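Next come the chains, spelled out residue by residue.
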Amino acid sequence: MIIDDLRVPIVLAPMAGGPSTPELTAAVAEAGGFGLLAAGYLSATDTAARITATRAATDSPFGVNLFVPGPATPAAAFADYLAELARDHQVGDAKCDTDDWDAKLDLLVADPVAVVSFTFGCPTAEEIARLRAVGSESWVTVTSAAEAQIAVERGADVLIAQGAEAGGHRATFVDRTEDDATDPLSVLALLQILTAATDKPVVATGGISTGAGIAAALAAGAAAVQLGTVFLRCPEAGTNPVHRAALAADTPTMLTRAFTGRRARGLRNRFMVEHSATAPVAYPEIHYATAPLRAEARAAGNPENVNLWAGQTHTLAPELPAGELVRTLATDTKTALKAALSRRIQDC
């Protein structure tokens, strides 16, 4: 297993939509961690180009993340929301696509990488078998024990346990409004549940930004941790300037469907406050519909109409080169683990 050979148990989260770059993936890999390159929203051709660029920057293994496509949403389910947005904003075409799923899978079978990870669902057993046949591990992101069971039954090699603290989209296999009344599991709660239920390696992700946080996850049974938000201010990240600047402010986060039609955690801003209550479950239709207004806001430097995805510990993200950040986190993790072990546990 790739995860057993890492010098540092840190996995770079695949942050689609801009922050993920070959340079960032390579820098984390070169520092001893494992980089996941985001292919979400990219064509198979663009994905291939980014794989080539990453290979040119590092000889270390890395992986690629794919979005598992879901069914189209009937237009009637989001027509009122589009009309609401159109009163004040330019609205784009609310289309549905598969994110070039078949072509990307074919690419990764023809030109394998060490790991293919999945978000928004689990590939079929046959698709996982195709990847295994060319030497690629399949890592599936889950948010519950039920999702983990599906992934294990289909042949997943590693489970990525995404806690409620995580920035960006919730990785739930199915996004349902009826689940909103239930508190999503925190990363430590989910990690304990999954390690008790399966012997598959579990990678913990969500709100982990320090060596102490990494140490806590490792002590709770994680094979490694996946970090995203903490890398957003690294110079190698393709984070938009509006997003990059907003991360330093002590702004609370919240879950919303307002920007994409799928629950995601980001820095609270005016658009989220005004539209979260009426936003429907309709991904990727709403993602495409809001693309013009988000692009306009980024160009104008306006953080109030941009999806500023971030985890709950975003204020801890430093402005450091990615390799230096990995090395610092590794040192701090060792320190935290030693400090924890040095505490006296009295006999009962």
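Residues numbered from 1 in each chain as written. Predicted model: local features only at pLDDT ≥ 70, side-chain atom pairs only at ≥ 80, totals over all residues. Heavy atoms only, no water.

Draft legend 1. Local environment of the overall build of the chain. Counting secondary structure elements, the chain contains 13 helices and 11 strands. Its C-alpha atoms give the chain a radius of gyration of 19 Å, near enough to 20 Å, the size a compact globule of 348 residues would have. Counting every position in the chain, which comprises 348 residues, the buried fraction comes to 53%. A separation threshold of at least 6 residues defines the contact pool for the chain, and within that pool the share at least 24 residues apart is 69%. As presented, the chain carries roughly 14700 Å² of accessible surface, and 52% of it is formed by carbon and sulfur atoms. Between the centroid of the 27 positive side chains of the chain and the centroid of its 39 negative side chains there is a distance of 5 Å. (Helix = DSSP H or I, 4+ residues; strand = E, 2+ residues; numbered from the N terminus. Rg over C-alpha atoms; globule rule 2.2 N^0.38 Å. Buried < 20%, exposed > 50% of the residue type's maximum accessible area, 1.4 Å probe, protein only. Contact = heavy atoms within 4.5 Å. Areas by Shrake-Rupley, 256 points an atom, 1.4 Å probe, with all protein chains shown as cover. Lys, Arg positive; Asp, Glu negative; His and termini not counted. Charge placed at Lys NZ, Arg CZ, Asp CG, Glu CD.)

Draft legend 2. Examining the environment of E165 more closely. Within the secondary structure, E165 sits in the loop between β6 (158-162) and β7 (168-169). Taking relative accessible area as the criterion, E165 reaches 16% and is therefore assigned buried. Discounting chain neighbours no more than four positions away, the residues touching E165 are S186, V187, G206, G207, R265, G311 and Q312. Within the structure, E165 has its side chain in polar contact with the backbone nitrogen of V187 (distance 3.0 Å). (Polar contact = N/O pair within 3.5 Å; in protein donor to acceptor, adjacent residues only side chain to side chain.)

Draft legend 3. Molecular detail of unusual backbone geometry. Y283 connects to P284 through a cis peptide bond whose omega is 10°. With respect to the helices and strands, the residue P284 is situated in the loop between α10 (270-275) and α11 (285-289). Positive phi, close to 70°, is recorded for Y41, a residue that is not glycine. Under the relative-accessibility criterion, Y41 is labelled partly exposed at 28%. Positioned with a positive phi, D100 is a non-glycine residue whose angle comes to about 60°. One can find D100 in the loop between α3 (79-86) and α4 (101-110).

Draft legend 4. Molecular detail of the pattern of salt bridges. Taken as a whole, this structure holds 9 salt bridges when the rule is applied. The partner of R130 in a salt bridge is D106, and the shortest N-O contact between them spans 3.1 Å. Of the two residues, R130 is situated in helix α5 (residues 125-133) and D106 in helix α4; the sequence distance between them amounts to 24 residues. In this structure, D180 and R263 form a salt bridge, with 3.6 Å as the shortest nitrogen-oxygen distance. (Salt bridge = Lys/Arg side-chain N within 4 Å of Asp/Glu carboxyl O.)

Draft legend 5. Region of the structure containing the packing of helix α2 (residues 44-57) against α4. Orientation of α2 relative to α4, taken along the N-to-C sense of each, is 35°, at an axis distance of 9 Å. Helix-helix and strand crossings are classified by hand; for α2 and α4 the assignment is right-handed. Contacts between α2 and α4 involve A44, T47, A48 and I51 from the first element and A103, K104, L107 and L108 from the second. Across the contact of α2 with α4, the residue classes tally to 6 nonpolar, 1 polar and 1 charged. (Axes fitted to C-alpha atoms, helices over the stretch in contact; angles between N-to-C directions. Left-handed = near helix turned anticlockwise from the far one by under 90°. Nonpolar A, V, L, I, M, F, W, Y, C, P; charged D, E, K, R; others polar.)

Draft legend 6. Layout of the sheet that holds strand β1 (residues 10-12). Ordered by their spatial adjacency, 8 strands build a closed barrel running β1-β2-β3-β4-β5-β6-β8-β9, and the pairing between neighbours is parallel. Adjacent strand axes in the sheet meet at a mean angle of 25°, parallel and antiparallel pairs treated alike. Against the sheet, helix α7 (residues 187-197) makes contact with β5 (137-142), β6 and β8 (202-205), and its axis sits at roughly 170° relative to β8, the strand it touches most. (Pairing = 2+ DSSP bridges.)

Draft legend 7. Geometry of the nonpolar core. If you look at the biggest cluster of nonpolar residues, it comprises 64 residues, and the most contacted ones within it are I10, L66, L227 and F231. In this structure, F231 is in contact with I10, L12, M15, L24, V28, A237, A322, L325 and V326, ignoring residues within four places of it in sequence. Counting 16 residues, the second largest nonpolar core, distinct from the first, contains L85, A94, F259 and A264. (Core = buried A, V, L, I, M, F, W, Y, C linked by side-chain atoms within 4.5 Å.)

Draft legend 8. Main features of the packing of aromatic side chains. Inspection of every chain in the model, using the stated rule, returns 7 aromatic pairs. Ring plane angle 55° and centroid distance 5.9 Å describe the contact between W101 and F118, whose orientation is recorded as tilted. In this pair, W101 is assigned in helix α4 and F118 in strand β4 (residues 115-119), connecting sequence segments 17 residues apart. Exposure class is identical for W101 and F118. Each is buried. Between F259 and F271, the ring centres sit 4.6 Å apart and the planes meet at 20°, which makes this aromatic pair stacked. (Phe/Tyr/Trp six-rings, centres within 6.5 Å; stacked < 30°, edge-to-face > 60°.)

Draft legend 9. Geometry of α5. Three or more residues of α5 are buried, namely E127, I128 and L131. In an axial view of α5, the angular spread of the buried residues amounts to 100°, which keeps them on one side of the axis. Pointing more than 90 degrees away from the buried face of α5 are the exposed residues E126 and A133. In the segment just after α5, G135 is the residue with positive phi, at about 95°. (Arc of directions from axis to C-beta.)

Draft legend 10. Molecular detail of the side chain of T54. Following the sequence through the fold, T54 ends up in helix α2. Apart from the residues lying within four places of it in its own chain, the contact partners of T54 are P22, T25, A26, L37 and F62.

Draft legend 11. Seen up close, the pairing of strand β11 (residues 264-267). As paired elements, β7 and β11 share 2 bridges and run antiparallel to each other. Residue G168 lies in a different strand from β11, and its bridge partner there is R265. In terms of strand pairing, strand β10 (residues 253-256) meets β11 through 4 bridges, oriented antiparallel. Note that in β11 the partner of L255 across the bridge is R265.

Function cannot be inferred from these measures alone, as they are strictly geometric.
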